[in-house]
Amino acid sequence: MTNLPTAFSVFLLAWIPAGATTWYVDSARGNDANSGATSSAPWKSLAKISVTEFHPGDRILLHAGSVWNEQLKPQSSGAPDAPIVIDRYGDGPHPRLDGNGIIDDVVLLRNVQQIEIRNLEITNHGSSPAARRGVHISLDNFGTAKHIVVAGLYIHDVNGTNAKKDNGGIIFRTNGPVTPSRFDDLRIENNIIWKVDRSAIAADSYHAMRTHWFPSLNVVIRGNYVDDIGGDGIVPWATEGALVEYNVARNCNMRAASFNAGIWQWSTDNTLLQFNEASTTHDTRDGEGFDSDFNSRGTIFQYNYSHDNQGGFMLICSPGQRDPAQNVGNTGTIVRRNISRNDRTRIFHISAAEHFKVEENAIYVGPGLDVQMVLASNWSGWTNDAQFSKNRFYVEGTARYGHASASHPDGTYDIAPDWAPAKNIVFEGNQYFGNQLDRPEDKTGQVNPKVVTKTRDWEGPKFDPAHPEDFDAFMAKHKIWLRALIQAEFGNLP
């Protein structure tokens, strides 16, 4: 994210589908009476975009440095291989769209498809919290919407309400009681989302419950940086085969005073979450870096880095008592080859999820920390069938294992030895270093009272979201650093 046109933008300038038009909008020099078809005769307002019918392959370019205090609401759809693209042109900072807290959704993509939004600055701060969003991607009894891309945006200072999850930075929503609606090829990539309430990137869906299940397909959430978030960081809903990778989530759950986590999914099938970093999530009402949540099957967390999260590393949960027609519970989760370093409170919190595996993870508990390494708790039921195998637990402080004997309003639990009434919690071939209390039976495990210390570049590159011009370079360095860190721990990577 720089002050110069991106390589993608340069590519678009060289490739324009036959019959397509490039339109120009400039808040300082434009006039809506102009043709808009040349950079010397641009339109002025975003309202002009909302009332104009565009055609497949059209590009609407907003002049760098322009500022608007109005909504961007395109009404037209593109076509396969000829999307409508809204982007920037000229040198200087990204075009800025400021809702001033008056507009609910600064960018609203409602019932459109084959469209891309790129390289804008978006903010929406009002005098007091209210339901506000930077970008709202919404389908309402539409059917299947194909190819929507939201990329390269700088979204900041959106003071939504922490009373609702479906507001904040980027919200994607499907509603379809009459015509089932879903996304197919939704990409949310390379965005900065900073200082928003309540959610950074999150979904909402009428189709989340299994009685009217119609999941979105080919959803990719990649390469985003979210920081200083009131509640949740990144949360897909109602998806099949979603990919969540190379995201950075820092300082989530800052203000909501409710149950939130860094990166997680809810009501999904076969989600892959990999090569993400989640750190410094606040609070112990959840407060984990990662969470495998309910009404989900086949979730995989692999090659992620979790550290310094107040609530811990990984929550795997579901209500035990449920209507199976609505909620399939949480089955088949796999948590493998992740690193947890200096996460607090509890590392693995398991609650009524079933048939899952936790394998080959590296857990580092620093000096002075006293954590619940594995805590089984009651959510109208208890976990059944969990396998912990070939994990390495390095504990310089203290680690405890067992089931919850009491719960507290702040989301913490007292812990007692053994797993009952949880069932079939099996530990095989794990390595235990340091001070580990009530260590579980592990016939093939290895125990060493001494901790093997390892020298790593645990911190990685730095980024200040107040300087979005540094983002592209930061993310490139971060990807190289993260892969090197994980490869040093586990060997060759996919």
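Calculation rules
- Residues numbered from 1 in each chain as written.
- Predicted model: local features only at pLDDT ≥ 70, side-chain atom pairs only at ≥ 80, totals over all residues.
- Heavy atoms only, no water.
- Helix = DSSP H or I, 4+ residues; strand = E, 2+ residues; numbered from the N terminus.
- Rg over C-alpha atoms; globule rule 2.2 N^0.38 Å.
- Buried < 20%, exposed > 50% of the residue type's maximum accessible area, 1.4 Å probe, protein only.
- Contact = heavy atoms within 4.5 Å.
- Areas by Shrake-Rupley, 256 points an atom, 1.4 Å probe, with all protein chains shown as cover.
- Lys, Arg positive; Asp, Glu negative; His and termini not counted.
- Charge placed at Lys NZ, Arg CZ, Asp CG, Glu CD.
- Phe/Tyr/Trp six-rings, centres within 6.5 Å; stacked < 30°, edge-to-face > 60°.
- Lys NZ or Arg CZ within 6 Å of the ring centre and 35° of its normal.
- pLDDT = per-residue confidence, 0-100.
- Expected span 1.5 Å × (residues − 1).

Novice: Outline the overall build of the protein, supporting the account with residue identities and numerical values.
Specialist: Broken down by element type, the protein carries three helices and 42 strands. Taking 494 residues into account, the globule formula puts the C-alpha radius of gyration at 23 Å, and the protein, at 24 Å, falls close to it. The buried share among the 494 residues of the protein stands at 60%. Contacts in the protein between residues far apart in sequence, at least 24 positions, make up 77% of those at least 6 positions apart. Accessible surface for the protein amounts to roughly 18,000 Å². Of this, 50% is attributable to carbon and sulfur atoms. Counting 45 positive and 56 negative side-chain charges, the protein places the averaged centre of each group 2 Å from the other.

Novice: Could you give an account of the packing of aromatic side chains, naming the residues involved and the relevant values?
Specialist: This structure, assessed with the given rule, holds 29 aromatic pairs. Here the aromatic rings of tyrosine 225 and phenylalanine 474 are separated by 5.8 Å at their centres, their planes lie at 90°, and the arrangement is edge-to-face. Placement of the pair is tyrosine 225 in strand 17 (residues 225-229) and phenylalanine 474 in helix 3 (residues 471-490), with a sequence separation of 249 residues. Residue classification places tyrosine 225 among the buried positions, given a relative accessible area of 1%. On the basis of relative accessibility, which here comes to 3%, the residue phenylalanine 474 falls in the buried class. With a centroid separation of 5.7 Å and 5° between ring planes, the pair formed by tryptophan 419 and phenylalanine 427 is classed as stacked. When its relative accessible area of 14% is taken as the criterion, tryptophan 419 is described as buried. Grouped by ring-pair contacts, the aromatic residues Phe290, Phe301, Phe313, Phe348, Phe388, Phe393, Tyr401, Trp419, Phe427 and Tyr432 constitute a single cluster. The ring of tryptophan 213 carries the charged tip of arginine 210 above its face, separated from the ring centre by 3.7 Å. Above the face of the tyrosine 246 ring, lysine 479 is positioned so that its terminal group lies 4.7 Å from the ring centre.

Novice: Give me the lowdown on the side chain of threonine 398, citing residues and values where you can.
Specialist: Structurally, threonine 398 can be placed in strand 38 (residues 392-407). Residues contacting threonine 398, with those up to four places away along its chain left out, are Val365, Leu369, Asp370, Val371, Asn435 and Leu437.

Novice: Describe the confidence of the model for the protein, with residues and values.
Specialist: Mean pLDDT for the protein: 96, with 96% of residues reaching 70 or above. Low pLDDT (under 50) marks residues 7-14, which in the prediction has ten contacts with non-local residues, meaning those over four places away or in another chain.

Novice: Describe helix 3, and please don't skip the residues or the numbers.
Specialist: For helix 3, built from 20 residues, the straight-helix expectation of 28 Å at 1.5 Å per residue is met to within 8% by its first-to-last C-alpha distance of 28 Å. Positioned one or two residues after helix 3, glycine 491 has a phi angle of 90°, which is positive.

Novice: Quick rundown of unusual backbone geometry? Include the residues and the values.
Specialist: The peptide bond linking aspartate 197 to arginine 198 adopts the cis configuration, its omega dihedral lying at -5°. Counting through the fold element by element, arginine 198 comes out in the loop between strand 14 (192-197) and strand 15 (199-205). Backbone torsion omega between alanine 420 and proline 421 reads 10°, so that peptide bond is classified as cis. With respect to the helices, strands and loops of the structure, proline 421 is situated in the loop between strand 39 (413-416) and strand 40 (423-428). We note that aspartate 185 has phi near 80°; this positive angle belongs to a residue other than glycine.

Novice: Tell me about the environment of asparagine 327, residues and numbers included.
Specialist: For asparagine 327, the position within the fold is in the loop between strand 29 (312-317) and strand 30 (330-331). Under the relative-accessibility criterion, asparagine 327 is labelled buried at 6%. Taking the C-alpha atoms as reference points, asparagine 327 and arginine 344, 17 residues apart in sequence, are found 30 Å from one another. With near-sequence residues (within four places) excluded, asparagine 327 lies in contact with Arg210, Phe294, Asn295, Pro319 and Arg322.

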